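This is what each chain is made of:
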Amino acid sequence: MAETIVITSGKGGVGKTTSVANLGSALAMLGKKVAMVDADIGLRNLDLVMGLENRIVYDLVDVAEGYCKLRQALVRDKRVDGLFLLPAAQTRDKTAVSPDQMKSLCDELKEEFDYVLVDSPAGIEQGFRNAAAGADRAIVITTPELSAVRDADRVIALLESMEIYDHKLLINRIRPLMVKKGDMLDIDDVLEQLAIDLIGVIPEDEMIIVTTNRGEPAVLNNHSKAGQAYRNTARRIMGEEVPFLSLDVPEGLLTRLKRAMGFK
Amino acid sequence: MFHSQTEYRRRMTGGVGFRGSRDGLLIVLDDTEDFELVLEKLRERLNEAPQFFYGAEVTVDVGKREMSREDLLKMRMILSSEFGLRLLGIIDDHEGERSGGVMPFTGGGALQVNGGSRRKGRKGILTGETPNVTEMIGSMNSRKDEGLRFKGKTILCSGTCHDRMKTEDYAGGTTSVMSPATESAVIDGEDQAEGFGITGRDGFACERDVGGEASEGLRLRKGAPERTQRRQLLPKVEEMRRTLLLKKTLRSGQSVRYNGNVVVFGNVNPGAEVVATGDIIVAGSLKGVAHAGACGDESAIIAAFSLAPTQLRIAGFLARPPEAEVSRRNAAPGCPEMAKVKDGLIVIEACPGSFKEEGKSVWQRL
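Residues numbered from 1 in each chain as written. Chains lettered and ligands numbered in written order. Predicted model: local features only at pLDDT ≥ 70, side-chain atom pairs only at ≥ 80, totals over all residues.

A. Structural context of the overall build of chain A. Helices and strands together make up the secondary structure of chain A, namely twelve helices and eight strands. Residues counted as buried form 53% of the 264 residues belonging to chain A. Contacts in chain A between residues at least 24 apart in sequence constitute 75% of all its contacts with a sequence separation of at least 6. (Helix = DSSP H or I, 4+ residues; strand = E, 2+ residues; numbered from the N terminus. Buried ≥ 20, exposed ≤ 12 C-beta atoms within 10 Å, placed from the backbone. Contact = placed C-beta atoms within 7 Å.)

See the structure below:
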């Protein structure tokens, strides 16, 4: 049963595009057929993050306007089988596509793919509405910051007004050390405010920056902690029960020494 | 989209009708009333909401009316000068005269090329309907058209061109639209550039000759015979090519489409796009997408001081840099290079006269 999942956040810069790239790759690595749709028309990024920029010939607007077939516009990923990208147009803006067009496009993709992941633009205007138009489910991304949580709250309300009730929360860029010190909102704070189910917690990871700049998703890298978290999230999307990664801060040598000597 | 235009024209009140279309606003003018009256009505209607119309992009459908140069100027005055609308093109509907420059598309749309010979004084109006969308596959549409101001003369281009056009039709259209061939247009400021087709499109036929899925690497397997056939679409294009000189840097999201050669004095940044029916020369670094010979001219070249594009397209050939060379996008060679088609492949060579040692690289087909 195919599903369209919109990845959205309201606030910009919380990691929507990175999450789409990683979740898409992870789902495809788990053997699913995945289409990633970049709905951020005019400011396309997903192709860059995936390292597929130079393979784009047609884009989403070309498909919506009927200049090419959907399958012509889909760019096959160079690393993972069963992973495809429908790039956004760079020279147009969000008004170039209507929610109805997006919906029929997602429906068409659903016939061929197991999962259709839609990368939503930041904001709550037409771009967001387009992205959410064809969605069966939503993943709302937030970072443990008050502003991001506030925006996520607003987006959840908007999703419900669009009759998307199956929404899950993905908390991104959490820093266990700072949470432990009490300098950062912890997962419970966020959940308390938003009151929706959690689907994943992604720790802050420098590898993400490295892999993004190289144009390859972090899930392909076994050493990346964020990559591991994304792989787990992907399995939860598929309905598996996966325990959340332990975010305990590894104890330093000194602490362990102190404990051994009975000082603590 | 325009099938019911005639009925619509009959039904509309006051001789002026407005319709929204994909390419902006369509103004339908009554073609039976006296033109002066129609223009007066038009002015009245626009006056109802001048704020709304200001800056809007409009196409005018004049129906079966024969427009004289004066009529055209008057209408332009009202639209552009009085109300600040941007006239994208003019559509007319001369069914009786289709023998000359008009042929229906297989897809149900129609492209009209009204040659300058029949209407003296006008440089030519290229108008067209948007063909049935499903028939547009494999061809590229000029999505947005600009009224072109060309050394004081008005050239209006509108509509779409289709790759299935017959040779003579398009050639005829080109003659009227493209002349005078010897002149070159120079653009050096944002404002002027606005009127010329930056981010807008010239009304030329171009095609991306790609068969199959993009994802499958866009092999050019659709076959060479088709391509050679298409090449003959524009037999005379070489002789009548204009050149657009752009003195600015094209940034991400900007696109230039031009029927002729394009010379950019500046950079073409990643995410920007230059499409030309002729050659493309970038006096700067080319990092975006360039499509030369967009109407099928395989002899077109793309040259740049620093050639490091995201993707190159010449006629129906598409190529991207080899993976190993992607890194050179950041460190492009310090000498001008040129891309052209050789034996069905896009090949990069040093520009004639540059200091680079001999040697060329073949780029991967998409």
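B. View of the packing of helix α7 (residues 146-161) of chain A against helix α9 (residues 187-194) of chain A. All names here are of chain A. Contact pair α7 / α9: the axes reach a minimum separation of 10 Å and the direction vectors enclose 35°. α9 is crossed by α7, and the crossing has right-handed handedness. Contacts from Val149, Ala152, Asp153 and Ile156 of α7 reach α9 at Val190, Gln193 and Leu194. Of the residues that constitute the contact of α7 with α9, the class distribution is five nonpolar, one polar and one charged. (Axes fitted to C-alpha atoms, helices over the stretch in contact; angles between N-to-C directions. Left-handed = near helix turned anticlockwise from the far one by under 90°. Nonpolar A, V, L, I, M, F, W, Y, C, P; charged D, E, K, R; others polar.)

C. Structural detail: the sheet that holds strand β23 (residues 364-365) of chain B. Residues and elements named next belong to chain B. The strand order β12-β14-β16-β18-β19-β23 describes an open sheet built from six strands, whose pairing is mixed. At either margin of the open sheet sits one strand with a lone partner, and together these are β12 (255-258) and β23. Where β12 meets strand β14 (residues 273-276), four bridges bridge the pair, whose relative direction is parallel. When the sheet's bridge partners are listed, Ser255 is paired in β14 with Glu273. (Pairing = 2+ DSSP bridges.)

D. Quick peek at the environment of Arg92(A). Looking at the element boundaries, Arg92(A) is found in the loop between β4 (83-86) and α5 (99-112). A C-alpha to C-alpha distance of 8.0 Å links Arg92(A) and Val61(A), two positions 31 residues apart in sequence.

E. Representation of unusual backbone geometry. Of note, Ala195(A) is a non-glycine position whose phi angle comes to about 50°, a positive value. Looking at the secondary structure, you find Ala195(A) in the loop between α9 and β8 (198-203). We note that Ala315(B) has phi near 50°; this positive angle belongs to a residue other than glycine. Considering the arrangement of structural elements, one finds Ala315(B) in the loop between β18 (311-314) and β19 (317-320).

In short, the description is geometric, and any link to function would need to be established separately.
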